[in-house]
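# Report on the structure
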Amino acid sequence: YDLYLLTNIDIPWVKDDLRDKPHEREESFQIFKEELEKNNISFKIVEGNFEKRFNICKKYIDELIKDKKRDAFLKNISCEKALKVALICANIFDNN
């Protein structure tokens, strides 16, 4: 996966079909975090109320999409085209 989001336990526990151990939240969080770290997997911890969590996740996803688009652009551009783009940008900034 390109992005791992680990949700912190800083909001009240809500029972559902997947979550059934409210007294093991800290332990479960630490196990997930340690496994990600042990396997050298980059991740982001998401905290805050539901609105803040949504906005944080959106920000991380938007950044990932932007990075992927940049990487795809750079992968598909030749050195000659890259030099032309750099010269155009330099010219634009020199004129300002």
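Note that the structure is predicted; figures quoted are calculated from it, not measured. (Residues numbered from 1 in each chain as written. Predicted model: local features only at pLDDT ≥ 70, side-chain atom pairs only at ≥ 80, totals over all residues. Heavy atoms only, no water.)

### Thoughts on the overall build of the chain
This is how the line gets drawn: The way it works is that DSSP assigns letters per residue, a run of H or I at least four long becomes a helix, a run of E at least two long becomes a strand, and they are numbered from the N terminus. Per-residue accessibility, obtained with a 1.4 Å probe over protein chains only, is compared with the maximum for each type, and a residue is labelled buried under 20%, exposed over 50%, and partly exposed between these values. Contacts are residue-level and defined by heavy atoms, with any inter-residue pair within 4.5 Å sufficient. Here the accessible surface of atoms and residues is derived via Shrake-Rupley with a 1.4 Å probe, and residues count as covered only by protein chains that are part of the display.
Looking only at helices and strands, the chain has 3 helices and 2 strands in total. When its helices and strands are written in sequence order, the chain yields β-α-β-α-α. The buried share of the chain, taken over its 96 residues, is 14%. In the chain, 57% of the contacts between residues at least 6 apart in sequence involve partners at least 24 apart. When the accessible area of the chain is evaluated, it comes to approximately 8400 Å², of which 56% is carbon and sulfur surface.

### Some thoughts on helix α2 (residues 50-76)
The criterion, for reference: Here a helix's expected span is defined as the number of its residues, less one, multiplied by 1.5 Å. Pairing of N or O atoms within 3.5 Å defines a polar contact, subject to two protein rules: one partner must be a possible hydrogen donor and the other a possible acceptor, and residues neighboring in sequence count only if both atoms are side-chain atoms.
The end-to-end C-alpha separation of α2 is 39 Å, in line with the 39 Å expected for 27 residues at 1.5 Å each. Buried within α2 we find R53, I56, C57 and Y60. Elements that come into contact with the buried residues of α2 comprise β1 (5-7) and β2 (44-46). Between the side-chain oxygen of the N-cap and the backbone nitrogen of E51 there are 3.1 Å, and the N-cap of α2 in question is N49.

### Examining the packing of aromatic side chains
The cut-off we apply is this: Any pair of Phe, Tyr and Trp rings, taking the six-membered ring for Trp, is counted once the centres come within 6.5 Å. Such a pair is stacked with planes under 30 degrees apart, edge-to-face with planes over 60 apart, and tilted for the rest.
Counting across every chain of the model gives 1 aromatic pair. The interplanar angle of 90° and the centroid separation of 5.8 Å between the aromatic rings of Y1 and Y4 together place this pair among those described as edge-to-face. Judged by its relative accessible area of 83%, Y1 falls in the exposed class. On the basis of relative accessible area, Y4 is assigned to the partly exposed category, the value being 27%.

### Describing helix α1 (residues 25-38)
With 14 residues, α1 extends 20 Å between its outermost C-alpha atoms, agreeing within 8% with the 20 Å of an ideal straight helix rising 1.5 Å per residue. Just beyond α1, the residue with positive phi is N40, at close to 55°.

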